[in-house]
Amino acid sequence: MAVGRIPNTADVGLDKAGVELDAHGFVRVNERLETSAPDVWAIGECAGSPQFTHVSEDDFRIVRDNLAGGTRSTRDRLVPYCMFTDPPLARVGLSEADARRDGVDVRVARLPISRVLRAQTTGETQGFMKALIGARHDRILGFTMIGAEAGEVVAAVQAAMLAELPYSRLRDAVLAHPTMAEGLGPLLSTVTDTVSRRSK
């Protein structure tokens, strides 16, 4: 278990190259991942990106494309979070706390993993699924899962979010049986008109 991770940027001569650090020791970058020094770019954890391999890989693609004359940026990318614990935890988009903080009204759907048929088959019934649906539209704004194969299920939800599909498209989809993703149907069937409002 690792706690208190910090960027390894001290005493490597970045100041001599004109590369600025932020207050936490991360390389200061803009949304194109350019540093304060001309023609110097930074990616991954040292640039303060979320500490996941998949984010570092996307950072690389952004820099590669921008070096070739592109206009890619980190702005508005939908980053999934996965912790491969037992059971795994995966999340994408807003959490309920994010929605309250940002003043976003949402409808919340919840389902215990024990209600997913695949989980009943394998005996891996610990955990839950939760989805946040926009109060004024039917798009999925966030998804969290603690349970077996959470990293795989979050990818299906992320794809629906990127396509801006209404939640009903996943709710009514014919998904393979028995899979953990099949639990998205019962989860999204619990969406009601009850809105979880931001605190005043």
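Procedures and definitions
Residues numbered from 1 in each chain as written. Predicted model: local features only at pLDDT ≥ 70, side-chain atom pairs only at ≥ 80, totals over all residues. Heavy atoms only, no water. Phe/Tyr/Trp six-rings, centres within 6.5 Å; stacked < 30°, edge-to-face > 60°. Helix = DSSP H or I, 4+ residues; strand = E, 2+ residues; numbered from the N terminus. Buried < 20%, exposed > 50% of the residue type's maximum accessible area, 1.4 Å probe, protein only. Lys NZ or Arg CZ within 6 Å of the ring centre and 35° of its normal. Salt bridge = Lys/Arg side-chain N within 4 Å of Asp/Glu carboxyl O. Pairing = 2+ DSSP bridges. Axes fitted to C-alpha atoms, helices over the stretch in contact; angles between N-to-C directions. Lys, Arg positive; Asp, Glu negative; His and termini not counted. Polar contact = N/O pair within 3.5 Å; in protein donor to acceptor, adjacent residues only side chain to side chain. Contact = heavy atoms within 4.5 Å. Patch = residues over 30% accessible without salt bridge, like charges linked within 9 Å, V, L, I, M, F, W, Y side chains within 5 Å. Areas by Shrake-Rupley, 256 points an atom, 1.4 Å probe, with all protein chains shown as cover. Charge placed at Lys NZ, Arg CZ, Asp CG, Glu CD. Expected span 1.5 Å × (residues − 1). Arc of directions from axis to C-beta.

> What exactly am I supposed to notice about the packing of aromatic side chains here?
For any pair of aromatic rings, the description rests on two quantities: the centre-to-centre distance and the angle between the ring planes. All chains considered together, the criterion is met by one aromatic pair. Taking the centre distance of 5.1 Å and the plane angle of 90° together, the rings of phenylalanine 52 and tyrosine 81 count as edge-to-face. Here the residue phenylalanine 52 occupies a position in the segment before helix H1 (53–67), and tyrosine 81 occupies one in strand E1 (residues 81–83), the gap between them amounting to 29 residues. Judged by relative accessible area, which is 33%, tyrosine 81 ranks as partly exposed. For arginine 91, the ring lying beneath its charged end belongs to tyrosine 81, and the centroid distance is 4.8 Å.

> Even after reading the chapter, I still don't get the pattern of salt bridges, so can you show me in this structure?
If the charged atoms of two oppositely charged side chains come close together, the side chains can form a pair. Summed over all chains, the structure comprises 18 salt bridges. One salt bridge in this structure joins glutamate 57 and arginine 61, with 3.6 Å as the shortest N-O distance. Note that glutamate 57 and arginine 61 are positioned in helix H1 at a spacing of four residues, about one turn of the helix. Under the relative-accessibility criterion, glutamate 57 is labelled partly exposed at 47%. On the accessibility criterion, arginine 61 (31% relative accessible area) is partly exposed. Of the charged contacts, one joins arginine 110 and glutamate 96 as a salt bridge, the two residues approaching to 3.1 Å between their closest N and O atoms. With arginine 110 in strand E3 (residues 106–112) and glutamate 96 in helix H2 (residues 96–102), the pair connects residues that are 14 residues apart, well separated along the chain. By relative accessible area, arginine 110 is classed as partly exposed at 46%. Linked through salt bridges whose partners overlap, the residues forming this network are Glu57, Asp58, Asp59, Arg61, Arg64, Asp65, Arg72 and Arg77.

> Mind showing me how you'd approach the sheet that holds strand E5 (residues 140–146) here?
Think of a sheet as strands paired side by side through backbone hydrogen bonds, with each pair either parallel or antiparallel. Within the open sheet, the five strands sit side by side as E1-E2-E5-E4-E3. Their pairing is antiparallel. Each end of this open sheet is capped by a strand with a single partner; those strands are E1 and E3. For this sheet, the mean inter-axis angle between neighbouring strands, taken without regard to orientation, is 10°. Inspection of the sheet shows strand E2 (residues 89–93) paired to E5 by five bridges, in the antiparallel sense. Bridge pairing in E5 places glycine 93 opposite glycine 142.

> When you look at the side chain of glutamate 182 in this model, what are you seeing that I'm missing?
Within the secondary structure, glutamate 182 sits in the loop between helix H5 (167–171) and helix H6 (184–188). Although buried, glutamate 182 forms no salt bridge, and the nearest oppositely charged side chain, arginine 118, lies 8.3 Å from it. A polar contact of 2.9 Å, which involves the side chain of glutamate 182, links it to the side chain of histidine 177. Sequence-distant contacts of glutamate 182, that is, excluding residues within four places in its chain, are made with Leu117, Leu175, Ala176 and His177.

> Quick question: what am I supposed to make of a negative patch on the surface here?
A contiguous patch of negative charge on the surface is contributed by Asp86, Glu124, Glu149 and Glu152. Looking at the element boundaries, glutamate 149 is found in the loop between E5 and helix H4 (150–162). A relative accessible area of 38% places glutamate 149 in the partly exposed class.

> Would you mind going over H1 with me for this structure?
Along an α-helix, a turn takes 3.6 residues, which lines up residues three or four apart on a common side. Between the first and last C-alpha of H1 there are 21 Å, a value that for 15 residues agrees with the 21 Å anticipated at 1.5 Å per step. Turning to H1, its buried residues are Val55, Ser56, Asp58, Asp59, Ile62, Val63 and Asn66. For H1, the arc enclosing every buried residue in end-on projection is 160°, short of the 170-degree limit, so these residues lie on one face.

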